[in-house]
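# Coordinate inspection notes
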Amino acid sequence: MKEQVNNTDFFISSLVKKSTREKAPAGFTDNLMKRIEIEVEQEIITSQPLVSRNMLILIIAGFTVVISLVFFVDWSFLGLNISSAGFDVQYFENLVVYFQSTVEWLAFFFAFFTSSSVPAIVVAGAISLLAIDKILRRFTLHKTYIF
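Residues numbered from 1 in each chain as written. Predicted model: local features only at pLDDT ≥ 70, side-chain atom pairs only at ≥ 80, totals over all residues. Heavy atoms only, no water.

## Digging into the overall build of the chain
What the chain contains, in helices and strands, is five helices and zero strands. If you list the helices and strands of the chain from N to C, you get α-α-α-α-α. Counting over 147 residues, the chain shows a buried share of 2%. Per element, the accessible surface of the chain, about 14,000 Å² overall, is 67% carbon and sulfur. (Helix = DSSP H or I, 4+ residues; strand = E, 2+ residues; numbered from the N terminus. Buried < 20%, exposed > 50% of the residue type's maximum accessible area, 1.4 Å probe, protein only. Areas by Shrake-Rupley, 256 points an atom, 1.4 Å probe, with all protein chains shown as cover.)

Here's what the structure looks like:
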């Protein structure tokens, strides 16, 4: 059995020694790279948002109208008794306190920006870089990764 394996090894090694290296035809690399570039160009897919800009504006406007109707329209003509409808005034008082604390926090946050111009410059620079990145990607790759 060992003799048969040695004969097979000898036969294979002699075949390998006799064989020559194959060479690629002239222009093989250039042709292959051109085909790859064509396939990559065909694969570029421009992403579209899930909700279009007009639909987003319509949704925001509708939400604003509904909120305005609920809070700013006098519904007394319907004869609704707010206390019997389970309307909790304390909830809205807590909501007002929450919004007041949020506004106070925002005022404190923006007061930090007015004490020194360095944070404002850093934020403006970061936003500018993001905008430049988006513009360059849109004109070069026709797709964006950030927004």
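So much for the structure itself; the text now carries on.
## Thoughts on a nonpolar patch on the surface
Taken together, the side chains of Leu50, Val51, Met55, Leu56, Leu58, Ile59 and Ile60 define a hydrophobic patch exposed on the protein surface, amounting to about 720 Å² of accessible area. As for its position among the elements, Leu58 is in helix 3 (residues 53-72). Overall, the relative accessible area of 55% leaves Leu58 in the exposed class. (Patch = residues over 30% accessible without salt bridge, like charges linked within 9 Å, V, L, I, M, F, W, Y side chains within 5 Å. Salt bridge = Lys/Arg side-chain N within 4 Å of Asp/Glu carboxyl O.)

## Comments concerning the confidence of the model for the chain
Scored by pLDDT, the chain has a mean of 77; 75% of the residues are at 70 or more. Highest mean pLDDT in the chain belongs to helix 3 (87); lowest belongs to helix 1 (residues 2-18) (76). (pLDDT = per-residue confidence, 0-100.)

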